[in-house]
Amino acid sequence: MTSKLIRWYIKNKRDLPWRNTTDPYSIWVSEIILQQTQIKTGINYYNRFIEKFPNIKALAMSNEIDVLNLWQGLGYYNRALNMLIAAKTVMKEYHGVFPVKYDDLIQLKGVGEYTASAISSICSNENKAVVDGNVYRFLSRLYDIATPINTPKGKKEFQKLANKILPSINSGTYNQAIMEFGSIHCQKHIPKCHICPFQGECLSFNSGVVKLRPVKNKINRIKTRYLNYFIIRYKGQFIIQQRGSKDIWKKLYELPLIESKKEISKDQLIRHNYLKRLQIKEIKHISSVTHKLTHQNLKISFWETCLKKNRLRSNFFNITIDEIQQYPFPKPLKNYFDKEHISI
Ligand code: SF4
């Protein structure tokens, strides 16, 4: 299996920027970006990130706003915030030398078993098997395993199998090969079974159950949230605030917000204490969009109004239109600013 996979990999691997290096910092950046992100999208973010922060020192010396600005639109913003914390740790505890051993990597903020295994095997050939979504799919089909992959039992079973078949030499290349094979050959919807080097031994192919593997337990957790954002003009500027760290869009910036569990009308908004406290009596609806996240549907409405007297809350900032670029905003707000050409 190892030699077949590696032969296939050498012939078919995609030329990706992080494939031409064994620099642990670059590999780490790519691995964190590619969690929850498609390769096609990830490449641009990776190139921009490395250009702005070419090494761990440059990243450690930056700040949350700079990192979040680069991460805008990629989602799961705590990944970026954790990278900043990890970079500072590497500078302090490893004298700026990015660790390559699993036991050190796993201590870094935001680095889990998968990422530590990937970096340590690629950069120091440590014998650690990686199991990402592509590996789950390939192994579940090759060995015809019906244990749901999103259960603790499934995770344990697949990790055990991956450890068992991991070769003792070239584990870094093998890990990249198995992930790449799952990604572009044993694909989710249209696996290339007709030209597959594993066709003979693939148990699910030979039993005709390829489309049924991997098995996943259904999780129906999608919830709908209603967000009403307000462009509040005040003295030629408008108001923004920073989000907290316990919800989506961690620490990004946004407009003043009223969130509700159900859709609420214009009259209900005007009667809402939030606007009453600001002495706002008139609002104008501008547009509405639905923005989908993995487990949430966000129904977002944008409203315009202006503030006559100074009722600014302590968490409010005033900015001009030209200053929008300096702050990282969630994607739907960024789209709104780009599309609506707000004028003050
Ligand atoms: Fe995947 Fe099909 Fe190859 Fe089996 S035969 S490993 S299902 S591509």
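Residues numbered from 1 in each chain as written. Predicted model: local features only at pLDDT ≥ 70, side-chain atom pairs only at ≥ 80, totals over all residues. Heavy atoms only, no water.

Colleague: Report on the pairing of strand E1 (residues 223-234), specifying residues and quantitative values.
Modeller: Burial runs high along E1: ten of the twelve residues are buried. In the sheet, E1 pairs with strand E6 (residues 296-306) via eleven bridges, with the strands oriented parallel. Each bridged residue has a counterpart across the sheet, and for isoleucine 232 the counterpart in E6 is threonine 305. The sheet contact formed by E1 and strand E4 (residues 257-260) spans four bridges and is antiparallel. Bridging across to E4, leucine 227 finds its partner in glutamate 259. The pairing of E1 with strand E2 (residues 237-242) spans two bridges and is classified as antiparallel. By the bridge assignment, arginine 233 is partnered in E2 with phenylalanine 238. Hairpin connection from E1 to E2: two residues lie between these consecutive antiparallel strands, with lysine 235 at a positive phi of about 50 degrees. (Buried < 20%, exposed > 50% of the residue type's maximum accessible area, 1.4 Å probe, protein only. Helix = DSSP H or I, 4+ residues; strand = E, 2+ residues; numbered from the N terminus. Pairing = 2+ DSSP bridges.)

Colleague: Account for the side chain of glutamine 72, with residues named and values stated.
Modeller: With respect to the element layout, glutamine 72 can be found in the loop between helix H5 (64-71) and helix H6 (78-93). What glutamine 72 contacts, discounting residues up to four positions off in sequence, is Tyr45, Tyr77, Tyr327, Pro328, Phe329 and Lys334. (Contact = heavy atoms within 4.5 Å.)

Colleague: So what about the site of the ligand? Which residues, and what values?
Modeller: Neighbouring the ligand are the residues Phe138, Arg141, His185, Cys186, Pro191, Cys193, Cys196, Cys202, Phe205 and Val210. At a threshold of 2 Å from the grid points, most atoms of the ligand map onto the largest cavity. Its residues assigned to classes, the shell around the ligand shows eight nonpolar, one polar and one charged. (Near = heavy atom within 4 Å. 1 Å grid on protein atoms, 1.4 Å probe; cavity = no way out; pocket = protein on both sides within 12 Å on 5 of 7 lines; lining within 4 Å. Sits in = over half its atoms within 2 Å of the grid points. Nonpolar A, V, L, I, M, F, W, Y, C, P; charged D, E, K, R; others polar.)

Colleague: Lay out the packing of aromatic side chains with the relevant residues and their values.
Modeller: If you walk through the whole model with that rule in mind, you get 18 aromatic pairs. Aromatic pair tyrosine 229 and phenylalanine 302: ring centres 6.1 Å apart, planes at 25 degrees, arrangement stacked. Of this pair, tyrosine 229 sits in strand E1 while phenylalanine 302 sits in strand E6, placing them 73 residues apart in sequence. Taking the relative accessible area as the measure of exposure, tyrosine 229 reaches 0% and is therefore buried. Aromatic side chains phenylalanine 302 and tyrosine 336 sit 3.9 Å apart centroid to centroid with 15 degrees between the ring planes, which places their arrangement in the stacked category. Highlighted residues: phenylalanine 302 in strand E6 and tyrosine 336 in helix H15 (residues 331-340), separated in sequence by 34 residues. With a relative accessible area of 1%, phenylalanine 302 lands in the buried category. Counting every residue linked through ring pairs, the aromatic cluster contains Tyr229, Phe238, Phe302, Phe329, Tyr336 and Phe337. We note arginine 48 situated over the ring of tyrosine 45; from NZ or CZ to the ring centre the distance is 4.8 Å. Just above the ring of tyrosine 102 sits the side chain of lysine 128; from NZ or CZ to the centre is 4.2 Å. (Phe/Tyr/Trp six-rings, centres within 6.5 Å; stacked < 30°, edge-to-face > 60°. Lys NZ or Arg CZ within 6 Å of the ring centre and 35° of its normal.)

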